[in-house]
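Per-entry structural report
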Amino acid sequence: TSSPQRLAPRCPHYTICGGCRYQHIPYSMQSDNKVSFIKDLFPEHHPVMRPFICCDSSWHYRNKMDFTFSNDKKGTLFLGLMMPNYRGKVVNIISCSIVDSWFTSTLEYAREWWLESGLQAYRHHCDKGSLRSLTLRRSHTTGDTMAILTVSGNPEYALTQKHLDS
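Residues numbered from 1 in each chain as written. Predicted model: local features only at pLDDT ≥ 70, side-chain atom pairs only at ≥ 80, totals over all residues. Heavy atoms only, no water.

1. Concerning the nonpolar core
In this structure, Met65, Phe67, Phe69, Leu79, Ile93, Trp114 and Leu131 are the most contacted members of the largest nonpolar core, which totals 26 residues. Contributions of two or more residues to this core are made by helix H1 (14-17), strand E1 (64-71), strand E2 (77-82), helix H3 (101-117) and strand E4 (131-138). Tallying contributions element by element places H3 first for this core, with five residues. Beyond its immediate sequence surroundings of up to four residues, Leu79 is in contact with Phe67, Thr68, Phe69, Val90, Val91, Asn92, Ile93, Leu107, Ala110, Arg111 and Trp114. (Core = buried A, V, L, I, M, F, W, Y, C linked by side-chain atoms within 4.5 Å. Buried < 20%, exposed > 50% of the residue type's maximum accessible area, 1.4 Å probe, protein only. Helix = DSSP H or I, 4+ residues; strand = E, 2+ residues; numbered from the N terminus. Contact = heavy atoms within 4.5 Å.)

2. Some words on H3
Compared with the 24 Å implied by 1.5 Å per residue over 17 residues, the 24 Å span of H3 between its first and last C-alpha is a close match. For H3, the set of buried residues is Phe103, Thr104, Thr106, Leu107, Ala110, Arg111, Trp113, Trp114 and Ser117. Packed against the buried residues of H3 are E1, E2, strand E3 (90-92), E4, strand E5 (145-151) and helix H4 (161-165). Between the side-chain oxygen of the N-cap and the backbone nitrogen of Trp102 there are 2.8 Å, and the N-cap of H3 in question is Asp100. (Expected span 1.5 Å × (residues − 1). Polar contact = N/O pair within 3.5 Å; in protein donor to acceptor, adjacent residues only side chain to side chain.)

3. A look at the side chain of Ser117
Summarising the element assignment, Ser117 is placed in helix H3. Assessed through its relative accessible area of 16%, Ser117 is described here as buried. At 2.8 Å, the side chain of Ser117 and the backbone oxygen of Trp114 are in polar contact.

4. Quick look at unusual backbone geometry
Excluding glycine, residues mostly have negative phi values, and the peptide bonds linking residues are mostly trans. Of note in the backbone geometry, His60 takes a positive phi value of approximately 60 degrees without being a glycine. For His60, the location among the structural elements is in the loop between helix H2 (27-41) and E1. With a relative accessible area of 39%, His60 lands in the partly exposed category. At Asp127, a position not held by glycine, the phi torsion is positive, near 55 degrees. Note that Asp127 resides in the loop between H3 and E4.

5. What about H2?
Taking 1.5 Å of rise per residue, the 15 residues of H2 would be expected to cover 21 Å, and the 21 Å separating its terminal C-alpha atoms lies within 8% of that figure. Considered for burial, the residues of H2 that qualify are Gln30, Ser31 and Val35. Angular distribution of buried residues about the axis of H2 spans 135 degrees; they occupy a single face of the element. Opposite its buried face, H2 presents the exposed residues Asp32, Phe37 and Asp40, each directed more than 90 degrees away. (Arc of directions from axis to C-beta.)

6. Examining the pattern of salt bridges
A full pass over the atoms with the stated rule returns three salt bridges. The salt bridge involving Asp66 is made with Lys64; its shortest N-O contact spans 2.9 Å. Between Glu108 and Arg111 there is a salt bridge, with its nearest N and O atoms 3.0 Å apart. Here the residue Glu108 and the residue Arg111 both occupy positions in helix H3, the gap between them amounting to three residues, near one helical turn. In this structure Glu108 comes out as partly exposed when scored by relative accessible area, which is 33%. Its relative accessible area of 11% is what places Arg111 among the buried residues. (Salt bridge = Lys/Arg side-chain N within 4 Å of Asp/Glu carboxyl O.)

7. Digging into the environment of Arg10
Following the sequence through the fold, Arg10 ends up in the segment before H1. Apart from residues no more than four positions distant in its own chain, Arg10 is found in contact with Gln23, Trp59, His60 and Ser97.

8. A short note on the packing of aromatic side chains
Inspection of every chain in the model, using the stated rule, returns two aromatic pairs. When the centroid spacing of 5.0 Å and the interplanar angle of 90 degrees are considered together, the rings of Phe69 and Trp114 count as edge-to-face. Taken together, the residues Phe69 in strand E1 and Trp114 in helix H3 connect sequence positions 45 residues apart. The pair formed by Phe69 and Trp114 is uniform in burial state, with each residue classed as buried. Ring centres of Trp102 and Phe103 lie 5.3 Å apart, and the angle between their planes is 80 degrees; this geometry places the pair in the edge-to-face category. Phe103 gets classed as buried once you look at its relative accessible area, which sits at 1%. In this structure, Arg10 is placed above the aromatic ring of Trp59, and the distance from its NZ or CZ to the ring centre is 4.4 Å. (Phe/Tyr/Trp six-rings, centres within 6.5 Å; stacked < 30°, edge-to-face > 60°. Lys NZ or Arg CZ within 6 Å of the ring centre and 35° of its normal.)

Now the structure itself:
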């Protein structure tokens, strides 16, 4: 039976993504659970533990995300987050409530670029493909943004100047 405090998940990827696995729990309860977890993990440090500092908002708080490039055997392309308990499977992220909207629009732009580029996702087990991950950061205080494209170290799959320019 669900708890009376249980919230309806806000994220459309909630059941498969794992990036925000506690959003069905009120934020104050999440904080209490985290404090209990830390106290159980380090019982000898209870007297010196500082108070838990909560975020101002339980939404749009994260300032960094790492997204993975992947494709299945059919050739379907995925750019998103690793699915927990699905060994290497990636869910295409369309929206995310724990990051600023800049993340999802940049992710969509990167997905469109990838489709046009003809590049393949990197497969570590056979050292083939080009694209490994896309790391996005955004400062809440300055608004500065950063995108890092991590590619294969295999020169056979190096990006061309045309890829870099686009």
